[in-house]
Amino acid sequence: MNVTLADGLVLLQSRLAAAEQRELWLLCRTLSEGAVPMYTPTVRGGRKMSVGMLCLGKHWNGLTYQYEDRRSDFDGLAVPEIPPRLANVARAAAEDAGFTIQPDLCIMNYYSDSSKMGVHQDKDERPETIAAGIPIVSVSLGDEARFVVGGLSRRDPTSPVMLTSGDVVVMGGPSRLRYHGVTRILPGTAPHGTGPGRFNLTFRQW
Ligand code: MD6
Ligand code: FE
């Protein structure tokens with residue numbers, strides 16, 4: 001079921017069937033344990049994030065907040081391509097929400113029981129992409145998460161949205177720069193064949 005939460009902010013509930021969730025979970029786990037593995041980023045200011053991260057297509061550098069072809073803030077390895085299977089999921093979901101995206105990068109984050117994501121705006125993509133309202137497509141797999149979404153000012157109030165495995169959020173148009181974050185993970189809620197923990201994949205057009 002598609003729920004429009006605000007202009008340009010669409011929640012596609014149960015977008016992925018159970019078998020597809022399991023297939024994508026396995027793909028994420030395989031990628032995160034591959035030759036270019038998932039790692040724990042240290043961000044500007046020196047704090048470690050509580051999530052594991054693996055970028056595909058382009059690497060998001062947590063020290064410079066810029067995208068690059070090699071992980072210069074970690075091990076210098078070249079970034080793996082986005083598997084076409086994953087890019088297709090993002091393109092189709094965006095279309096279903098009334099948007100078009102050519103995803104050329106994906107940030108895969110792994111949440112354990114205690115992981116969180118502070119409230120932030122996603123504004124490190126090209127100014128032209130952001131100005132055009134080209135969306136970010138977010139795919140959730142595994143444990144349920146309490147996602148919070150606010151307005152265009154950090155001071156705006158936030159509302160909680162529970163994201164379960166197989167849900168997709170499309171954030172574009174006038175909602176492209178909304179503040180949002182993840183305040184908690186609900187351990188033990190992952191569907192059979194996914195989990196433990198949660199993968200979130202955000203597909204972006206640079
Ligand atoms: C998460 N999601 O669900 C974090 N960003 O774990 C995001 O940060 C996000 O869901 C941009 C657009 C949609 C999102
Ligand atoms: Fe985000």
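Thresholds, definitions, all that
Residues numbered from 1 in each chain as written. Chains lettered and ligands numbered in written order. Predicted model: local features only at pLDDT ≥ 70, side-chain atom pairs only at ≥ 80, totals over all residues. Heavy atoms only, no water. Helix = DSSP H or I, 4+ residues; strand = E, 2+ residues; numbered from the N terminus. Rg over C-alpha atoms; globule rule 2.2 N^0.38 Å. Buried < 20%, exposed > 50% of the residue type's maximum accessible area, 1.4 Å probe, protein only. Contact = heavy atoms within 4.5 Å. Areas by Shrake-Rupley, 256 points an atom, 1.4 Å probe, with all protein chains shown as cover. Donors = N, O, S within 2.8 Å, 3.2 Å for Na, K, Ca; no water. 1 Å grid on protein atoms, 1.4 Å probe; cavity = no way out; pocket = protein on both sides within 12 Å on 5 of 7 lines; lining within 4 Å. Points joined across faces, edges and corners; volume = space filled by probe spheres on them. Nonpolar A, V, L, I, M, F, W, Y, C, P; charged D, E, K, R; others polar. Pairing = 2+ DSSP bridges. Axes fitted to C-alpha atoms, helices over the stretch in contact; angles between N-to-C directions. Near = heavy atom within 4 Å. Sits in = over half its atoms within 2 Å of the grid points. Phe/Tyr/Trp six-rings, centres within 6.5 Å; stacked < 30°, edge-to-face > 60°. Lys NZ or Arg CZ within 6 Å of the ring centre and 35° of its normal.

With that settled, the discussion passes to the overall build of the chain. If you tally the helices and strands in the chain, you get three helices and 13 strands. For a compact globule of 206 residues, the expected C-alpha radius of gyration is about 17 Å, and the chain comes in at 16 Å, within 12% of that figure. Burial statistics for the chain: of 206 residues in total, 51% are counted as buried. Put simply, of all contacts in the chain between residues at least 6 apart along the chain, 73% involve residues at least 24 apart. Summed over its atoms, the accessible surface of the chain is roughly 9400 Å², and 53% of this surface lies on carbon and sulfur atoms.

By definition of the ideal shapes, a tetrahedral metal site with four donors has angles of 109.5 degrees and an octahedral site with six donors has angles of 90 or 180 degrees. The protein atoms that coordinate the iron ion (ligand 2) are H120 (NE2), D122 (OD) and H180 (NE2), at distances spanning 2.1 to 2.2 Å. Binding-site remark: the iron ion (ligand 2) is held by donors from one chain whose sequence spacing is H-x1-D-x57-H. On the basis of relative accessible area, D122 is assigned to the buried category, the value being 10%.

What follows covers the side chain of S175. Along the chain, S175 turns up in the loop between β11 (168-171) and β12 (180-186). Residue classification places S175 among the buried positions, given a relative accessible area of 0%. When residues no more than four places from it in sequence are discounted, the contact partners of S175 are A6, D7, G8 and L9.

This part takes up the layout of surface pockets. Considering only enclosed or pocket space, the largest pocket measures out at about 840 Å³ in volume. Around the largest pocket, the lining comprises 37 residues; the ones closest to its centre are M49, M117, G118, H120 and D122. Mapped by element, the contributors of at least two residues to the lining of the largest pocket are β6 (105-111), β7 (117-120), β8 (136-142), β11, β12 and β13 (198-204). The residue makeup of the lining of the largest pocket, split by class, is 16 nonpolar, 10 polar and 11 charged.

This brings us to the sheet that holds strand β10 (residues 159-163). What links the strands of a sheet is backbone hydrogen bonding, and the strands pair in either a parallel or an antiparallel sense. The strand order across the open sheet built from four strands is β7-β12-β9-β10, with neighbouring strands paired in antiparallel fashion. Each edge of the open sheet is held by one strand with a lone partner, namely β7 and β10. Direction aside, the axes of adjacent strands within the sheet are offset by 25 degrees on average. The pairing of β7 with β12 spans two bridges and is antiparallel. Residue M117 lies in a different strand from β12, and its bridge partner there is V182.

Next up on the list: the site of ligand 1. The environment of ligand 1 is formed by Y111, H120, D122, I136, S138, F147, M171, H180, V182, R198, N200 and T202. When ligand 1 sits alone it has 340 Å² of accessible area, and the protein chains cover 98% of it. Taking a 2 Å distance to the grid points as the criterion, the majority of the atoms of ligand 1 fall inside the largest pocket. Looking at the shell around ligand 1, the elements with two or more residues in it are β8, β12 and β13. No other element matches the three residues that β13 contributes to the shell around ligand 1. Residue composition of the shell around ligand 1, grouped by class: five nonpolar, five polar and two charged.

What follows concerns the packing of aromatic side chains. For the coordinates displayed, the defined rule picks out four aromatic pairs. Centroid distance W60 to Y65: 5.1 Å. Interplanar angle 55 degrees. Geometry classified as tilted. Taking relative accessible area as the criterion, W60 reaches 9% and is therefore assigned buried. Joined through ring pairs, the aromatic side chains of W25, Y110 and F199 make up one cluster. One cation-aromatic arrangement involves K58 over W206; the distance from NZ or CZ to the ring centre is 5.4 Å. For R198, the ring lying beneath its charged end belongs to Y111, and the centroid distance is 4.9 Å.

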